[in-house]
Amino acid sequence: IHHQGSVTPTAYDAIVVTAMEKQLLPIHTRDIFHSTTTMNTENSTNTSTTIPLFSRYEARTMLEQYHTKVLKKSFVDLPLLCPPAFQLQQLLDKSLRFEHFVLSNHMIVDATTNPGRQEQRRNQHKEEFWKAANLEKVFCWVDTHRLFHNVTTWEQVWRERLNQTWPTVIAEDSGQPSS
């Protein structure tokens, strides 16, 4: 799976790490790509089951492939926690100032040959930013607290939680400017 410029690997990695921390997913401490070791665990009915040990890389890859190829879902289908609009606006404003700073000499030359080009570039920047923020959710992160709420097994995550529809939640922030 190709990930250039994607938040996807980080999202699935966050799920795997949380599953590891909750001891729902046995992971090698070393990132070994070909695992053959298994471990025995006991469930609540005292019957022994064998769970293969995976590397973190293997677990993330399997999770991502299952979610995207089998379930036909994507990053935006996960439970997401996103920054509030005022923080996104602050980030956009900083990004526009940075672009102006970096391209100021180019913009001066551009303004003499194409007077409307600077405004076009600014509008395109805003449009691409809000598309990335609102549609692609690139500034959001996986809400592992919601994903793992009341979960007791990795299979429950795999079979139930990854296949459900999640509303996007806007993170609360005490740094919001007062109205």
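Residues numbered from 1 in each chain as written. Predicted model: local features only at pLDDT ≥ 70, side-chain atom pairs only at ≥ 80, totals over all residues. Heavy atoms only, no water.

(A) Molecular detail of the overall build of the chain. Counting its regular elements, the chain contains 6 helices and 5 strands. Listed by position from the N terminus, the elements making up the chain come as α-β-β-α-β-α-α-β-α-α-β. Of all intrachain contacts in the chain linking residues separated by at least 6 positions in sequence, the fraction that spans at least 24 positions is 71%. Of the roughly 11,900 Å² of accessible surface on the chain, 52% is carried by carbon and sulfur atoms. (Helix = DSSP H or I, 4+ residues; strand = E, 2+ residues; numbered from the N terminus. Contact = heavy atoms within 4.5 Å. Areas by Shrake-Rupley, 256 points an atom, 1.4 Å probe, with all protein chains shown as cover.)

(B) Looking closely at unusual backbone geometry. A positive phi angle is found at Q23, which is not glycine, with a value near 60°. Locating Q23 in the fold gives a position in the loop between α1 (8-21) and β1 (38-42). The phi angle at K137 is positive, at roughly 60°, despite the residue not being glycine.

(C) The arrangement of the environment of V76 in detail. Residue placement: V76 occurs in the loop between α2 (56-70) and β3 (80-82). Given the relative accessible area of 32%, V76 is considered partly exposed. Distance in space between the C-alpha atoms of V76 and P167 is 9.7 Å, their sequence separation being 91 residues. Residues in contact with V76, not counting those within four places in the same chain, are L135, E136 and K137. (Buried < 20%, exposed > 50% of the residue type's maximum accessible area, 1.4 Å probe, protein only.)

(D) A look at the state of the cysteines. As enumerated under the stated definition, the model contains 1 disulfide in all. C82 shares a disulfide with C140; S-S distance 1.9 Å. Taking the torsion about the sulfur-sulfur bond, which here is approximately 110°, the covalent link between C82 and C140 counts as right-handed. Note that C82 is positioned in strand β3 and C140 in the loop between α4 (117-134) and β4 (141-142), a separation of 58 residues in sequence. Each member of the pair, C82 together with C140, is buried. (Disulfide = S-S within 2.5 Å.)

(E) Representation of the packing of aromatic side chains within the structure. Tallying each qualifying case throughout the model produces 4 aromatic pairs. A centroid spacing of 5.1 Å and a plane angle of 90° characterise the contact between F129 and W130, whose relative ring orientation is edge-to-face. On the accessibility criterion, W130 (24% relative accessible area) is partly exposed. Site record: aromatic cluster; members linked through ring pairs are Y66, W154 and W158. (Phe/Tyr/Trp six-rings, centres within 6.5 Å; stacked < 30°, edge-to-face > 60°.)

(F) Spotlight on the nonpolar core. Ranked by internal contacts, the top residues of the largest apolar core, which has 26 residues, are I15, L63, L78, F148 and W154. Here the element with the most residues in this core is α1; it accounts for 5 residues. With residues near it in sequence (within four places) discarded, F148 still touches I15, T18, A19, K22, L24, W154, V157 and R161. Listed in part, the 5 residues of the second largest apolar core include L92, L96, F129 and A133. (Core = buried A, V, L, I, M, F, W, Y, C linked by side-chain atoms within 4.5 Å.)

(G) Representation of α2. Taking 1.5 Å per residue, 15 residues should reach 21 Å; α2 reaches 20 Å between its end C-alpha atoms and fits that length. Those residues of α2 that fall on the buried side of the exposure criterion are E58, A59, L63, E64, Y66 and H67. Contacts made by the buried residues of α2 are with α1 and α6 (154-159). Immediately beyond the C-terminal end of α2, within one or two residues, lies K72, with a positive phi of roughly 60°. (Expected span 1.5 Å × (residues − 1).)

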